[in-house]
Amino acid sequence: MSRLTAKANENRPVLGIFLMLAAFFFFSMIDTSVKMLTILGIPAMQLAFMRYFGHVVISLGLIARGGFSFDRFGSEKLLLVILRGALLMAATVLNFIALRYLPLTLTATITFSAPLLICALSWPLLGERVGIWRGGAVVVGFVGIIVAIHPFGDDFHWAVFLSLTGALSFAFYSLLTRKLSGIVATDTMQFYAGLVGALVLLPLAIVEWTNPASLVDWVLLFMLGFFGWLGHQLLTQAHGFAPASTLTPFSYAFIVYLTIWSYFLFDHVPDAWTIAGAAIVISAGLIIWFRERRRVQKQ
């Protein structure tokens, strides 16, 4: 793609926003489908395997579309690429287990602590300066997580620690992605992200394998990988039509989608603690986004 074409694409923010909203819709379908299937007794490891099995099959097709060559699967940073895949797998497995016990709205709120963690870790790990505004937003965001979790309430569940650890794993995955970006081809990173998860989870899925009870459940099981792949494709395309500074706030539609799914499918309405915590976390995330946007504009 020429520089002129890329510039023209970035001047289509409405299309970029639409694709961003569509991407997070399909991401919400993953969590919703997983919650439905775990309630029906399908093990989390089996679900996570199917998520990555579909991912690796589609990624293999994409990476080999220009002709099959083993050179296209290699990289000088292969160990870091594999570590990246392991971190994503850990985040997925922990989130899938937590979804069995926690409301969708709570796991979504905890998931969005990842940008706060990324900001907090970017200084010691990447050497990026974090000013008082972004640093303060991180602190405020963590307060929001505590409010949402409501650790001293009667409905507190230990699975929140799984969700939090999953968010931390995703934060490390994102930082490693940032480090490898421009060094390792995107198709290569996507392939290994699926391969690591599929290979590690395969024996666990075989041991725990449980056949779904209905055709709809089978369809949801096999669609997990497709939902993930399509979501990432739409997300990538969205950034081709609008800059991240325009798109980032629309990622919070994920919480809205899950709130709707939670109400209609599970008859659950988020309590005041979750709503308040989510509002604080979103506000903190938007402050970080705003400061990051200003920093980029000054460069």
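Quick caveat, the model's predicted, so the values are computed rather than measured.

Cut-offs applied
Residues numbered from 1 in each chain as written. Predicted model: local features only at pLDDT ≥ 70, side-chain atom pairs only at ≥ 80, totals over all residues. Heavy atoms only, no water. Helix = DSSP H or I, 4+ residues; strand = E, 2+ residues; numbered from the N terminus. Buried < 20%, exposed > 50% of the residue type's maximum accessible area, 1.4 Å probe, protein only. Contact = heavy atoms within 4.5 Å. Areas by Shrake-Rupley, 256 points an atom, 1.4 Å probe, with all protein chains shown as cover. Axes fitted to C-alpha atoms, helices over the stretch in contact; angles between N-to-C directions. Parallel < 35°, antiparallel > 145°, perpendicular 65-115°, else oblique. Left-handed = near helix turned anticlockwise from the far one by under 90°. Nonpolar A, V, L, I, M, F, W, Y, C, P; charged D, E, K, R; others polar. Core = buried A, V, L, I, M, F, W, Y, C linked by side-chain atoms within 4.5 Å. Expected span 1.5 Å × (residues − 1). Phe/Tyr/Trp six-rings, centres within 6.5 Å; stacked < 30°, edge-to-face > 60°. Lys NZ or Arg CZ within 6 Å of the ring centre and 35° of its normal.

(A) Examining the overall build of the protein chain more closely. Each helix and strand counted, the protein chain has 13 helices and zero strands in total. Put simply, the protein chain runs from its N terminus to its C terminus through helices and strands in the order α-α-α-α-α-α-α-α-α-α-α-α-α. The buried share among the 299 residues of the protein chain stands at 45%. Contacts in the protein chain between residues at least 24 apart in sequence constitute 89% of all its contacts with a sequence separation of at least 6. Carbon and sulfur atoms form 70% of the exposed surface of the protein chain, whose accessible area is close to 15200 Å².

(B) Spatial organisation of the packing of helix H5 (residues 104-111) against helix H7 (residues 132-149). Remark: H5 packs on H7, axes separated minimally by 10 Å, with the N-to-C direction vectors making an angle of 165°. Between H5 and H7, the angle falls in the class roughly antiparallel. Between H5 and H7 the crossing geometry is left-handed. In this structure, H5 contributes Leu106, Thr109 and Ile110 to the contact, and H7 contributes Ile145, Ala148 and Ile149. Residues belonging to the contact of H5 with H7 are distributed by class as follows: five nonpolar, one polar and no charged.

(C) Focus on the nonpolar core. Leu47 and Phe96 are the most contacted members of the largest nonpolar core, which has 74 residues in total. Residues in contact with Phe96, not counting those within four places in the same chain, are Ile30, Val34, Thr38, Ala44, Leu47, Ala48 and Arg51. One finds Leu116, Cys119, Ala137 and Val138 within the second-largest nonpolar core, a separate group that totals six residues.

(D) Broad picture of helix H2 (residues 13-39). Spanning 27 residues, H2 covers 39 Å between terminal C-alpha atoms, matching the ideal 39 Å at 1.5 Å per step. Among the 27 residues in H2, 19 count as buried, and that is most of the element. Where H2 terminates, the next one or two residues include Gly41, which has phi positive at roughly 100°.

(E) Spotlight on H5. Of all eight residues making up H5, seven are buried, and the element is well covered by its neighbours. If you check which residues of H5 are buried, you get Leu104, Thr105, Leu106, Thr107, Ala108, Thr109 and Ile110.

(F) Here's a closer look at unusual backbone geometry. At His150, a position not held by glycine, the phi torsion is positive, near 50°. A positive phi angle, close to 55°, is found at Asp267, a residue other than glycine. Tracing the backbone shows Asp267 in the loop between helix H12 (253-266) and helix H13 (272-298). Judged by its relative accessible area of 66%, Asp267 falls in the exposed class.

(G) Examining the packing of aromatic side chains more closely. Summed over all chains, the structure comprises 16 aromatic pairs. Ring centres of Phe156 and Phe161 lie 5.9 Å apart, and the angle between their planes is 75°; this geometry places the pair in the edge-to-face category. For the ring pair Phe170 and Tyr173, a centre distance of 5.3 Å and an interplane angle of 35° mean the geometry is tilted. On the criterion of helical spacing, the pair formed by Phe170 and Tyr173 is a turn pair, its members being three residues apart in helix H8 (residues 159-180). A residue is classified by how much of its surface remains accessible, and Tyr173, at 7% relative accessible area, is buried. The ring centre of Phe266 lies 5.9 Å from the NZ or CZ of Lys35, which sits over that ring. Residue placement shows Arg51 over the ring face of Tyr52; its charged tip is 5.2 Å from the ring centre.

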